[in-house]
Structures are given as C-alpha cells and as structure tokens.
2 protein chains.
Amino acid sequence: MMIKAPYLLYLGSTADPMAIKTSRGIAMFRPEDAIGEFVREGGALSLGLPQMGFAEAAAAGARTLILGIANAGGTLSDELIDDCEAALDANLDIASGLHSRLRDEPRLVAAAKRNGRRLFDVRDVGSDLRVGNGLPRAGRRMLTVGTDCSVGKMVTTLHLERAMRARGIAADFRATGQTGILIAGSGVPLDAVIADFISGAIEQLSPAREDGGWDLIEGQGSLFHPSFAGVSTGLLHGAQPDAIVICHDPTRPHMRGLPHYPLPSLADTIEANLRVGRLTNPDVIAVGIALNTSSLEREEALALCRRTAEETGLPATDPVAFGVEEIIDRMEECFGESLQSNLRSA
Amino acid sequence: MMIKAPYLLYLGSTADPMAIKTSRGIAMFRPEDAIGEFVREGGALSLGLPQMGFAEAAAAGARTLILGIANAGGTLSDELIDDCEAALDANLDIASGLHSRLRDEPRLVAAAKRNGRRLFDVRDVGSDLRVGNGLPRAGRRMLTVGTDCSVGKMVTTLHLERAMRARGIAADFRATGQTGILIAGSGVPLDAVIADFISGAIEQLSPAREDGGWDLIEGQGSLFHPSFAGVSTGLLHGAQPDAIVICHDPTRPHMRGLPHYPLPSLADTIEANLRVGRLTNPDVIAVGIALNTSSLEREEALALCRRTAEETGLPATDPVAFGVEEIIDRMEECFGESLQSNLRSA
C-alpha cells in the first residue's frame, strides 16, 4: 500500500455507529496515524479525535483523507463527492473502501489532477487472482467467523495478533476488508472479488507457511446472512482454518439490515462453520467465542462470558474489554507443539 | 442480447468433452442457429456439425463465431487470439463467455475495428446489481443443484422448461452461465458477479412473479466444490427455490479438476442443499434427481435410475435419455394447485 499517513478520518453525517467501523478500526489499531476526524454539521458521532476541516488537517500534517465509512452497496453520495473535492483542493489524497470507485467520478478525477493528488480505491482487486484448488497447505491458520456481519471479526483478529505476538508467537493478521487492509497495509478486499475467485483469493492471501507461525485471517459476513453467505462460504473454504473463533453481538435484535431474519444461535453457528469448513480441513476445531459486550455493564458482560463458556465448552470473552488470553491458552492446549516451537524460536 | 445468428461454434483443439459444454449446449438447444463447427488441426472432438473454416462459414451465412469453450480461469491463449483475429478478418463477429475479455486484447480490438465487426463478452455484468435482501417473493422457483460442476444442471433445466411448456405450464429458463445466456438471450453470468452481489443478482434475475408460472433457474457449481461453493451458496440463497432438482454424474471419479476431492453422496448433497436453502425458503423440497448416464448402456442406465429412485425416494431420470416427465409429475403432486392454475389458464 502506498497510502500516505497521517490520516484525517471521515465520519460524515451518519448517526449509525456501525457505519464508521472503518474509521474506528484505524483510530484503535493505528492511533499514531490518525491525527483527526472530519464530522459534518449535524453529525452525531465522534472517535474522540480532534475535529478538523480539510485545510486545517492539511496544515496539521495530514496527507490522506480516509473515507472510513460503510453503506449497503457502497455508493458515493453527492454530499460525499462534494467533501472529497474540497479535501483534494486542500491538498489531501483520498483513500476509499467503498464499492463505487473514486476513479469513476469525473469531478474527483479532475480535482485530483488539478491538485496533483492521488485517489486510492482500496477495493480494487489485483488481476492475478486464481481459482481455488483446495489443496492442503503447510502452516497454521485461524479464521474468525460470526453469527452476523459487523460483530467484531476484524477487531478480534487484531487482538489475537497483538496478544499472540506478546507471547512470542509468530502471528500475522491477514486482511480481507477495507479497514483491515488500511491497518495491515495489504490484503484482499474480498467482497470486491469476482465470485469464481473467492476461495482462490484467500489461498493467495494466506499461502503455505513454513515457519511454524500462524496466519490470523479476518472473517467476513456469516453463513446465516442471506446477502453474504456465499462470501463467507468461499472464505471458509479458502482459509482451510485449523481453528475458528466465533464472533457474536449478544444485543443484535436481527441480522444486520434484515429485520425479517433472526440471529442464529451460537451452537448452530459453530456447527455450520465446522461442517462447511471440514470440506477443506477435516480437522478444523472451534477454539473460542468473542462477544461484543460494549453495550452491557461490566458485571453483566462477565456473567454472559461465563454462561457462554459453560454452554459452548469454549473460552468466551470480549476481546476489547477482557482480552483474548483464554482463547490463546486454548490454542496452546490444542496446538501445543506448534505454539511451543514458536516460543523456542522467538 | 444482440448477438447475431447463425453461429459458427468454436471447438478449438481440446480433447476434453466437458471443455466444449457451451458449444454443445447451443448445438442441442438452438440447432437452427448452429450452422457449423470450427475444429483445429489435431482437435479430436466434434458436435456432428459441418466442419468449416472462417471464410467458408461466412460464405455459408454465419454471422458470429461463438467461443463455446471453457477452461479454469478462462484465459485467452495465443492460439485462441490467432483464431479470433482470423475470424474477424473473415467478417465474423465474436461472442465469448470466457473470463478474460475480448475487449482487453488489443489485437482483437484492432481487428474488429478494421473489419467493422463486434466483440461480445457474455460475462460482462450489468452495473445495476444490488445486495440481496432475502425477502420472500411471489412466484414458484425451481433450482438445479449438483454433486459437482458440469454435471448437467443447464441441460436439465432446459429439458424441464421444454417439457413443462409442453404440458401448458408457464415456465421460463433463467440463465446463470455463458451458454445458458447464449441460449436464452438474457441472464446473469453469475461467476463474473462481484462476491457481495451473488444472491442479489439472482433476486434480480428471477424477481417476484404473479402469473402462477415457474422460474427454472440454472444452477452453478456445488456446495461440495472447494473452488466454487461460495457461488453455489449465494445462488441457492438468492433463488429461494420451492423445489430443487439434484444433478449428478455417476461416473465422475472425483470433483472436477480436483483429484484429491471425492464426490459427495446424493443423500449428503440433498441434505446440504435443503439445509442451506431453508435460510431463505423454509419450505424448499427436493423433487427429483437428474443423472447423466451418457457413458452407460441403456439397461444399466435404467437400472441406475430405478436404484437411485429407491434410495432417495425421488424420481430419478436421465433428462437427455429418458425425459423429465416423472419429475414434473412429482412437482404436480407437491405443488398441484399452482400447476393446475396454469393448466386452466393455458
């Protein structure tokens, strides 16, 4: 990735906290690069960063405006195009993870040209993708899966990376979404990949690995989400995970964006992912549950984690509130030799 | 579709009968438009059409060379580009269902221009795709599914259309692959759709239908094929089928292209498709098995159909050899009112 830091994070005017997932992820996992946030008049959300206009951010050293927002379909609104043009005129590059491409918007192409600025469409996929082959490959892989979209798969994966590295285990986050790619500096924007290449793209993202370390692959969607289950299926097959961690938001009233679809149970989610995953890795196991308890009181959250652990027989935690040590402990129990070999070589 | 008939069908030099599935489908279901076949020196396959060179075909009235071939990844070989250039110079248009686009090959663009010919990339997807919503919609839908890729899903669907129409039932083939699109004149090239839009593309291909008739949706891939199960999953969710017909090649030694993957059983295939399909249509049922018995003796084939019917409790037939009447009978039993209303209005 050639996207230049520091960043100004675009929050726009949305009132949906999940719509700014990308900006929040960057602020959390790359705080040194996030020097400010841009909030439109009437916008209700903040990441606690200094609020700046475009010229102000440029003066403070920002190089790139990150469109850290998500919306179904990923189109560019007129409001957004106006803001991007103003940012380019203030001498900022723009990086976007939306489906609609900056480069397809003539006003932005013109504004970039007249200011000598660059447009980065993070969802652009390389042209060297292959069809997946399902062949067993060396190395250990963990994949986060979920009961739904936007339940913490990226955050859980990043927390696992941080905590495994702290134990001296070789572990690398493999990004499959725009935020993850902006954080990791590379990855595959999976939901922009052509359908025939979903599993092959993941085989390329996480190839055979001989150092005994782990690839920690960011999951997408859910096998139970009628809009995106195809993506989740191909991702699971391509990842060939040895271990899955199931992510869940216990307060979610229904599948994201679909009031007519209830959430699946954790038991059904574990069972379905193991069943589908066994096609390419017959030995796949579940090693933990990651709960997003951000809207619960601490005692309530701890009780829920305990209850979930009892019900599933798996370590259950909120990675943000309580860390992921128990899940890594379980991975050490189940894959001890692999983890030990890393400890020795660390 | 503005592709002009009659066609010259390109077989090239391949020795793999399944690689010319597209050409064979056109010869079978649009015989009036297939006036000849082009076979390279050393090519071992034939569809029984008159073999012609490009100039000869043009003189016989052909308007378009159809690249009726398939290969993993769908690239254009140098050999193929040479042939296409010669066909353009002989005043034929070219239509292709391969992933690699004719329009991205400068030699072909130049040859088309100098001859006033056109290049059709059948896999090009419209820009108006939506994310699927999984909402129940009116109308009856049948989807063909399979134990593997290339086991007769398109052919079975086309035979069902023909036989249902012969009974006076409103029924329309909905194409999801390049051959089907060339036959139907419209459709969605599903394996070229961006991953996020798989189920949504099928919701658009087969929208709510109020006339009591059936949409017969061409299946793709297999839930058990590690390269393409994501496509099959999204297709199944988007189709919301009331009925599925399971297609199978009893002589297939392993999953297509993957010697390390055995075929699933019919029972597992039925069970998996019903389980995944229930997410968007809880009432989905299986109504028949379509076996490709082309390499068996007639008595052997009939015995296999009988045995398969006993084992699965479903009508089992080879659509090409024995027709699909039993499957439509079963559909009448299970969805009688709907079929009857069509008979009355027919």
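Because the structure is a prediction, the values reported are computed rather than measured. (Residues numbered from 1 in each chain as written. Chains lettered and ligands numbered in written order. Predicted model: local features only at pLDDT ≥ 70, side-chain atom pairs only at ≥ 80, totals over all residues. Heavy atoms only, no water.)

1. As for the pairing of strand β2 (residues 34–39) of chain B
Residues and elements named next belong to chain B.
Thinking step 1. In terms of burial, β2 is a largely internal element, 5 of the 6 residues being buried.
Thinking step 2. In the sheet, strand β1 (residues 7–12) pairs with β2 via 5 bridges, with the strands oriented parallel. Residue pairing across strands places Gly12 opposite Val39, the latter belonging to β2.
Thinking step 3. Traced from β1 through helix α1 (residues 21–29) to β2, the parallel crossover comes out right-handed. (Buried < 20%, exposed > 50% of the residue type's maximum accessible area, 1.4 Å probe, protein only. Helix = DSSP H or I, 4+ residues; strand = E, 2+ residues; numbered from the N terminus. Pairing = 2+ DSSP bridges. Right-handed = clockwise from strand over helix to strand, strands pointing away.)

2. So, the side chain of Ser232 of chain A
Thinking step 1. Residue position: Ser232 of chain A is located in helix α8 (residues 229–239).
Thinking step 2. With sequence-adjacent residues up to four places away left out, Ser232 of chain A is seen in contact with Gln220, Gly221, Ser222 and Leu223 of chain A. (Contact = heavy atoms within 4.5 Å.)

3. Some remarks on empty space enclosed by the protein
Thinking step 1. All chains considered together, the criterion is met by 2 cavities of 30 Å³ or more.
Thinking step 2. There is about 80 Å³ of room inside the largest cavity.
Thinking step 3. For the lining of the largest cavity, the secondary-structure elements that each account for two or more residues are β6 (140–146) and α8 of chain A.
Thinking step 4. With 4 residues, β6 of chain A is the largest single contributor of residues to the lining of the largest cavity.
Thinking step 5. Split by residue class, the lining of the largest cavity holds 5 nonpolar, 8 polar and 1 charged.
Thinking step 6. One number sums up the size of the second largest cavity: a volume of about 60 Å³.
Thinking step 7. As for the second largest cavity, its lining consists of Leu143, Thr144, Val145, Gly146, Gln220, Gly221, Ser222, Leu223, Ser232, Leu235 and Asn273 of chain B.
Thinking step 8. Of all elements in the fold, only β6 (140–146) and α8 (229–239) of chain B reach the threshold of two or more residues within the lining of the second largest cavity. (1 Å grid on protein atoms, 1.4 Å probe; cavity = no way out; pocket = protein on both sides within 12 Å on 5 of 7 lines; lining within 4 Å. Points joined across faces, edges and corners; volume = space filled by probe spheres on them. Nonpolar A, V, L, I, M, F, W, Y, C, P; charged D, E, K, R; others polar.)

4. Describing the environment of Ile202 of chain B
Residue and element names in this part refer to chain B.
Thinking step 1. Summarising the element assignment, Ile202 is placed in helix α7 (residues 198–205).
Thinking step 2. Each C-alpha atom of the pair Ile202 and Thr176 lies 8.3 Å from the other, and the pair is 26 residues apart in sequence.
Thinking step 3. Aside from chain neighbours lying at most four places away, what touches Ile202 is Arg137, Thr176, Leu190, Ile217, Leu235, Gly238 and Ala239.

5. Structural notes on the interface of chain B and chain A
Thinking step 1. Chain B puts 36 residues into the contact, and the matching count from chain A is 36 residues.
Thinking step 2. Summing the contributions of chain B and of chain A, the shared interface buries around 2,800 Å²; its carbon and sulfur component is 60%.
Thinking step 3. A per-residue breakdown of the area chain B buries against chain A is headed by Ala195, Asp196 and Leu279 of chain B, which together make up 19% of the total.
Thinking step 4. On the surface where chain B and chain A come into contact, there are 0 salt bridges.
Thinking step 5. Our count for the chain B to chain A interface comes out at 17 residue pairs in polar contact (both at pLDDT 80 or more).
Thinking step 6. Put simply, the parts of the chain that give the side of chain B that touches chain A at least two residues each are α7 and α8 of chain B.
Thinking step 7. Tallying contributions element by element places α8 of chain B first for the side of chain B that touches chain A, with 6 residues. (Buried area = accessible area lost by both parts, 1.4 Å probe. Salt bridge = Lys/Arg side-chain N within 4 Å of Asp/Glu carboxyl O. Polar contact = N/O pair within 3.5 Å; in protein donor to acceptor, adjacent residues only side chain to side chain.)

6. Concerning the domain arrangement of chain A
One frequent convention defines the size of an interface as the accessible area lost when the parts assemble.
Residue and element names in this part refer to chain A.
Thinking step 1. When cut into domains, chain A gives domain 1 (7–121) and domain 2 (140–345).
Thinking step 2. Taken together, the 14 residues of domain 1 in the interface contact 14 residues of domain 2.
Thinking step 3. Contact between domain 1 and domain 2 buries roughly 1,300 Å² in total, counting both sides, with carbon and sulfur atoms accounting for 64%.
Thinking step 4. Among the residues domain 1 hides against domain 2, the three largest losses belong to Met18, Thr22 and Phe29. Together they make up 41% of the total.
Thinking step 5. Applying the counting rule to domain 1 against domain 2 returns 1 salt bridge.
Thinking step 6. Residue Arg256 pairs with Asp16 through a salt bridge whose shortest N-O separation is 4.0 Å. (Domains from an automatic or database assignment.)

7. Points about the sheet that holds strand β8 (residues 214–217) of chain A
Residues and elements named next belong to chain A.
Thinking step 1. What the 6 strands build is an open sheet, ordered β7-β8-β6-β9-β10-β11; its pairing is parallel. Here the strands that pair on one side only, and so sit at the sheet edges, are β7 (171–174) and β11 (316–317).
Thinking step 2. Relative to strand β9 (residues 243–248), β6 runs parallel, the two sharing 5 bridges. Bridge pairing in β9 links Gly146 to Cys247.
Thinking step 3. Where helix α12 (residues 325–334) meets the sheet, its contacts fall on β6, β8, β9, β10 (285–291) and β11, and the angle it forms with β10 comes to roughly 175°. (Axes fitted to C-alpha atoms, helices over the stretch in contact; angles between N-to-C directions.)

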